[in-house]
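Per-entry structural report
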Protein chains: 2
Amino acid sequence: MSLNQLLQNAPSNLPILQATFGLERESLRINNSSHNVAQTPHPKVLGNRSFHPYIQTDYSEAQVELITPIAQSTRQALRFLEAITDVAGRTIPKDEYLWPLSMPPKLTADEIIIAQLDSQYERDYRQHLSKVYGKLLQSMSGIHYNMELGKSLVQSLFEQSQYQSMVSFKNDLYLKLAQNFLRYRWLLTYLYGASPIAEQGFLDTPLDKPVRSLRNSSYGYVNHDDVKVSHENLEQYIADIERCVADGRLIAEKEFYSPVRLRGSKHNRDYLEKGVTYLEFRCFDLNPFDNKGISQETIDTVHLFTLALLWLDVSSAIDQDIEKANQLNETIALGHPLDRLPEDAPVDEIMTALQAVVNHFALPDYYQSLVDKIKTQIAQPHLTIGGRLLKHINNQSLETFGQEKGQAYHDYAWQAHYALKGYETMELSTQMLLFDVIQKGIHFEILDENDQFLKLWHGDHVEYVKNGNMTAKDNYIIPLAMENKIVTKKILTENGFPVPAGAEFADKETALRYFFQIQNKAIVVKPKSTNYGLGISIFKDGTDLTSYEKALDIAFSEDDSLLVEEYIAGTEYRFFILDGKCEAVLLRVAANVLGDGKHSIRELVAIKNSNPLRGHNHRSPLEIINLGDIELLMLAQQGYKPDDILPEGVKVNLRENSNISTGGDSIDFTDKMDQSYKQLAADMATAMGAWTCGVDLIIPDYSKPARKSVPNATCIELNFNPCMYMHTYCQEGSGQALTPKILAKLFPEVS
Amino acid sequence: MSLNQLLQNAPSNLPILQATFGLERESLRINNSSHNVAQTPHPKVLGNRSFHPYIQTDYSEAQVELITPIAQSTRQALRFLEAITDVAGRTIPKDEYLWPLSMPPKLTADEIIIAQLDSQYERDYRQHLSKVYGKLLQSMSGIHYNMELGKSLVQSLFEQSQYQSMVSFKNDLYLKLAQNFLRYRWLLTYLYGASPIAEQGFLDTPLDKPVRSLRNSSYGYVNHDDVKVSHENLEQYIADIERCVADGRLIAEKEFYSPVRLRGSKHNRDYLEKGVTYLEFRCFDLNPFDNKGISQETIDTVHLFTLALLWLDVSSAIDQDIEKANQLNETIALGHPLDRLPEDAPVDEIMTALQAVVNHFALPDYYQSLVDKIKTQIAQPHLTIGGRLLKHINNQSLETFGQEKGQAYHDYAWQAHYALKGYETMELSTQMLLFDVIQKGIHFEILDENDQFLKLWHGDHVEYVKNGNMTAKDNYIIPLAMENKIVTKKILTENGFPVPAGAEFADKETALRYFFQIQNKAIVVKPKSTNYGLGISIFKDGTDLTSYEKALDIAFSEDDSLLVEEYIAGTEYRFFILDGKCEAVLLRVAANVLGDGKHSIRELVAIKNSNPLRGHNHRSPLEIINLGDIELLMLAQQGYKPDDILPEGVKVNLRENSNISTGGDSIDFTDKMDQSYKQLAADMATAMGAWTCGVDLIIPDYSKPARKSVPNATCIELNFNPCMYMHTYCQEGSGQALTPKILAKLFPEVS
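In short, a report on the structure. The model shown is predicted, which means the values in this text are computed figures rather than measured ones.

1. Some words on the environment of Gln164 of chain A
Looking at the secondary structure, you find Gln164 of chain A in the loop between helix H5 (151-160) and helix H6 (166-192). Separated by 53 residues in sequence, Gln164 of chain A and Ser217 of chain A have C-alpha atoms that sit 41 Å apart.

Spelled out as structure tokens, the structure:
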């Protein structure tokens, strides 16, 4: 049974879509005032290029290469690329952006600095390339698309075949795919070609008209004519490339530039023993209409396209067919972007195969829509990327367009800069940590997205992280202790730290008898299990027995046990402690607006809400302030209506509570807070044995230092899962970056 | 204002009952065949006597002294004593028991081996005592009752007084208490005296009749007549004792044997500077009717008695009054147990004071009932302990009674030997750990009883423990990983361990498409979030698409996501891993009975349930088997009725599931299981990074070794809070003690 028959005879529920994907995207860094290629070095904050898995340099120092890990789906691959693009965009100097086009802006060879890699071999190899092809050619950028068919899929096909050896089967399978890719890649050039012109000075002889894809034509990144490699069979393919290397036509096997490359081993000859593992498709121009350089639709269409290639017959005269297809591709690549496909293009063959795959395997409607879109674009060339790009050519240049798009994508990255693009659904602290992880080149896997559970590793060193700061650095019993307020209080007390005095009662009689001890004191009566919830009575100036008894009844109506605690007056601050050191202090104040004598309260709220830091549902550092019933009542109690103009300098609170979740402000107090309180909070965390810990202290006067004998502060809560993002992006103050510190302590060998 | 006026003028809601308590109980170890004093050394398992806070030796090697920590209430004090008594009872050799009476059994001086303490001073001191008082006298045992008035109580009284110095105030307060204690202690002798006779050979001249309390009479443990100490004031008291020591009448201050002793400093003179902290009442005979030697009622009555002593006036001629009271006490102590109190006993004074305290402070009804009981016992001497003991005297001996009671208390301790007496409401594994903690002499505090949260310490070394095995030895992230089944599976898979293959689906279409991959396999379809619960379908022999789809619908009706997993055939075993080593293996089988050809199924169930290991609600190692609807249905399905006689050797299951909680059997497989599986389970825990961990493996044939390449086992769950007790007390097999191993690893310096 031939390979295509194998597919055509396969059951319709074969897991045909099963595959893994990897994307590599190159882009030049551009200075945003000169709009020339950046002359700055690769950002130091990215650390050592010798191991960075995501952000590398390609040919030149200014040409970043963004590499995704292996993804289990096309969506995951694009999500990786989106995040890595985001990190790269926010890591390069802020006055630079990534060039969105495959063809570089106007540049001279002098501007192109060969990548300053550690490896002498890599530097020599790049020197060789500049001699053979010229530095300008090397500054073209594109996207490489790696794909491996799913293991179950390949196994099923293998079992239905007459093959005895899986290695032979896979080699034949991937070679067939590569052959057919070369036979039909002209369709991809037509659909996705996006290098219509070269800027002045790039070509010795300028083109007389825009084309579809310079990069995919003979002007592009191709070997010289004397490099001829047969695709008839694997042995021949290997031998041909080895001969080119032996006689110096190629400096190394990897210098063989084909639109598709067999992958899985460093040396081609190893495929005979170990088998080809996956394919690398290298023909994609950057799509300037997408900030990632490639769209979801394109990735899925190419995936479907490869399945159609498997479905198709193999030709009986491979090398001739490929040669013919190369000529067809050249015609299309150098054709005008509004030209239709040439008459001799075997459109029906490939379209029939695409449709057959969708039908045979009853693929979801989405894949039918992809086929329909190809048809539409074949019929209407102006809908292709090349066609759409045409109208942006101005004076035979795309420089203005490239500058505008590049700057727009730069602005997009910085717009909600706290979020990691692609991962906005995860908790903000986890997004921030993932940003750092990608920036520092630490490997990651999301073990459970809903649970914010990450696996991070560098070499053999593995760390697991949940919620951005729950790690192996903390021991198990301490968070369990902190979960229990009574236990926490006992441990703090036994270690000599100030906590509100108080007692727990399980019956009213004993609680009433306790009145003698608290009758002249400010107290809080609260049910044991809830905090700041129902059933709480506060007596700031002491109370009488009747009121006390009523408070007991209220609290007992909520729980079997209650706490009678000393009421602590003062302001509450949150101290973030990491590894024995206070890294941030935050003051949270109730949602409020400050009058300017011009705007109404409603308008002031709207202005405050326009801060990009404000959003919804804890996915932004601050929450949108609502003018709901609670806020309107609060205003009314102060004698205001929402449409009143608030006098200049008058501050109106819209809430009693200071929670960030109800629109409260976060104010970075790290620098203002007296060091003695930071030390006190750090000492508390250390006494508890906590690595990360949020310490809530009530402090009457933060400018008056804490002393051991008179702490001037009371601890009302310890938090074993302290929120980090609120310290980093604040309503007032510069904020404190915490996730990089967590990461540096988890992986000291990387920083 | 005098001290008694202070109390009488205090507000009724003064926290009058606030106090701390400590109990010390001595007892002789007795060999249960000879019924003589044990000649064995103090048990080695108790470790070093130089620091053991709970179980010490008093005068002789066979005289254990049980010491409670400071308790915040009388209930807590007795609970401590109960637990320490339990631990002591189960730690001494199993053929020994604790003598329940103050007076020793018949014994000779030769049988009394002076305690083999490390300290030369302590050994010399005991040699001195034997010379001065004789070894026999030293073998009497009793209970010392320590009490400190509550800090808030003392503070309130101090504030209402005219005292300027708290030290003077406390010294006067406690001295007054001690004075009045000596004036009225005859009442305690009457109520609690329980040493009516001496066994043959103890006294040179035998008594002619039973008395109330030999031990509290001049026959008891008293200094020689030349030791005279005034209680007029503290200075005089200190000077008198110092003079006795200086001229050799006493070898040390502690040799001054008073029924009440001032406590808080090693040397009496320090009280002048530092103040008396608490009092030690030393007059209590062991109550043989209580396994702890003292009852709750007695402890509370004595507490109330001390408050009445505070309420009473001070006499103007202290030493004379005390001397008179001593004579009264001697009369009562040497009176017949059925004698009423002498006419000249000032009963009304003390009874009025007791009643006044109850009334003035509106104490709970319980305290009124204590007063009423005293009145009854005063009226009816046969109701006192001494009175009740009378009828057990046989041939002028209490030996038979003492043997019976001692053996009964011994049997009680061993009856539900998995439980720690006094702490039966806590989880069983925590009870077991607390047993070890007390046995090894590690300090403990229950920080939260409902939460099973303990603080343990030895010197400066503190450890917190929850549920018996959650400690600082485990890191925080690993239990969080184990809590998430998907994360656990990923980590195990990535480390090369066998888990059931499978996939998670959030939509039916994708799940249906997966059918191709599982159609010929044994599978389980289950909702993601539940385990062994609703919505699970098992296909042990593969399935067709229709049944598969139905199973998907059922699972999706329970959860948004479902898992399709390989079904693993075999038997499930639980491996308990501690610190990289498998310490126990358990097989759990469904509730069942085995026929003997004589009894009905119902009778067989009753016989099985009579095992003391079976109880209710996880407070016993095994649960009572119910014959409820489920069990009856299960029987009917097998063709049985509950009253059928089951043939010999026929085993009938009463449940499908093998949970211990539904009456399942635990079978210790630690020795039977092939070592290779123990290693595999330990390797899994190590790969996860877990210190304690329960590993559930499905093993088709446990006698066939696991190999790395063919593990012959699949891990279906890891448990971060593995139950320990079920490994220790099993239906079959010897069981594995795990809590001592936990403790030894937490406190290596103690073992």
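2. Some remarks on the relation of the copies chain A and chain B
With an axial shift of 0.1 Å and an RMSD of 0.2 Å, the rotation relating chain A to chain B amounts to 180 degrees. Each copy turns onto its partner about a two-fold axis. A high fraction, 100%, of the interface residues of chain A reappear at the interface in chain B, so the copies pair face to face through one surface.

3. Regarding the packing of helix H9 (residues 296-311) of chain B against helix H12 (residues 365-379) of chain B
All names here are of chain B. Interaxial distance between H9 and H12 falls to 10 Å at its minimum, and their mutual angle equals 95 degrees. Our classification of the angle between H9 and H12 gives roughly perpendicular. Contacts between H9 and H12 pair Gln296, Glu297, Asp300, Thr301 and Leu304 from the former with Tyr366, Tyr367, Leu370, Val371, Lys373 and Ile374 from the latter. Of the residues in the contact of H9 with H12, the class split is six nonpolar, two polar and three charged.

4. Digging into the pairing of strand E7 (residues 278-285) of chain A
All names here are of chain A. Of all eight residues making up E7, seven are buried, and the element is well covered by its neighbours. Note that strand E5 (residues 142-149) and E7 share five bridges and pair antiparallel. Within E7, the residue paired with Gly142 across the bridge is Asp285. In this sheet, E7 lies alongside strand E6 (residues 260-263) in antiparallel orientation, the contact comprising four bridges. Bridge pairing in E7 places Val260 opposite Phe281.

5. Quick look at the sheet that holds strand E22 (residues 692-699) of chain B
Residues and elements named next belong to chain B. Spatially, five strands are ordered E21-E16-E15-E22-E23 in an open sheet, and the strand pairing comes out antiparallel. Two strands bound the open sheet, and with one partner strand each, they are strand E21 (665-668) and strand E23 (714-719). Sheet twist, expressed as the mean angle between neighbouring strand axes with direction ignored, is 30 degrees. Relative to E23, E22 runs antiparallel, the two being bridged by five bridges. Considered in E23, the bridge of Gly694 is made with Asn719.

6. Let's talk about the pairing of strand E21 (residues 665-668) of chain A
Residues and elements named next belong to chain A. Residues Asp665 and Ile667 of E21 are buried on one face, and the alternating residues Ser666 and Asp668, pointing to the opposite face, are buried as well. By the bridge criterion, four bridges tie strand E16 (residues 581-589) to E21 in an arrangement that is antiparallel. Paired with Arg588 across the two strands is Ser666, which belongs to E21.

What counts as what
Residues numbered from 1 in each chain as written. Chains lettered and ligands numbered in written order. Predicted model: local features only at pLDDT ≥ 70, side-chain atom pairs only at ≥ 80, totals over all residues. Heavy atoms only, no water. Helix = DSSP H or I, 4+ residues; strand = E, 2+ residues; numbered from the N terminus. Least-squares fit on C-alpha atoms with pLDDT ≥ 70 in both. Contact = heavy atoms within 4.5 Å. Axes fitted to C-alpha atoms, helices over the stretch in contact; angles between N-to-C directions. Parallel < 35°, antiparallel > 145°, perpendicular 65-115°, else oblique. Nonpolar A, V, L, I, M, F, W, Y, C, P; charged D, E, K, R; others polar. Buried < 20%, exposed > 50% of the residue type's maximum accessible area, 1.4 Å probe, protein only. Pairing = 2+ DSSP bridges.

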